[in-house]
Amino acid sequence: MTSEPTKVIRTESEQTPDTPLKAAILERVWAHFKDSPLAFESFAARVYQLTDRRVIIDEITRGSVDGGRDVIGRYLLGLSADPVYAEFALEAKCYRPSSADAPANTVGVREVARLISRIRHRQFGVLVTTSVIARQAYTEVRDDRHPIVLISGRDIAEILIQAGYGSVERVGELLGEGLA
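Owing to the predicted nature of the structure, the values given are computational and were not obtained by experimental measurement.

Some details on the pairing of strand β5 (residues 148–151)
Step number 1: Pairing geometry for strand β4 (residues 123–129) and β5, over four bridges, is parallel. Note that in β5 the partner of Leu127 across the bridge is Leu150.
Step number 2: This β-α-β element, β4 to helix α5 (residues 135–143) to β5, shows right-handed connectivity.

Structure follows, in structure tokens:
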């Protein structure tokens, strides 16, 4: 499987929260998971599920010896009465987002290449990070037409807001409910 050519390569500022609310929501998520990145894997799967009701999570893999895939799932194509599925592998990276005190810890070529090497023919990949994807990694994914969905910190905040978690307090409730 290859993706249709696209030249959308988002800059770091386009992947970084653009409002104080989005920055606060992302900071809350990162602060919650920064010391337990394995727990972030389940949350990343939930975030991706919030983007589309056709996303099905089949397995959150164990913390080690997971074959480079944190989550394995399927995307429902067509009708639910006559389903066709596209399998995906999701990689979750709980990296420090940019702040006034420090620059972002970016997801680089090595991390993206690891995900690319794990997806097989007729599969796609999803990379979810609390930070940003480095320009070189983004460019290589797009230029080589890899079927990879890239979800950055800004996207996480926007997905949560759209799903009804539009305040730091609501995100805190989500994180405390065991859904994370």
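From this point on, the discussion continues.
What about the sheet that holds strand β1 (residues 55–60)?
Step number 1: On the basis of which strands lie adjacent, the open sheet formed by five strands has the order β1-β2-β3-β4-β5 and mixed pairing. Two strands bound the open sheet, and with one partner strand each, they are β1 and β5. In this sheet, neighbouring strand axes are inclined to one another by 25 degrees on average, regardless of whether the strands run parallel or antiparallel.
Step number 2: Here strand β3 (residues 84–93) runs beside β4; their pairing, made up of seven bridges, is parallel. The residue of β4 that forms the bridge with Leu90 is Val126.

Reading guide: rules and limits
- Residues numbered from 1 in each chain as written.
- Predicted model: local features only at pLDDT ≥ 70, side-chain atom pairs only at ≥ 80, totals over all residues.
- Heavy atoms only, no water.
- Pairing = 2+ DSSP bridges.
- Helix = DSSP H or I, 4+ residues; strand = E, 2+ residues; numbered from the N terminus.
- Right-handed = clockwise from strand over helix to strand, strands pointing away.
- Axes fitted to C-alpha atoms, helices over the stretch in contact; angles between N-to-C directions.

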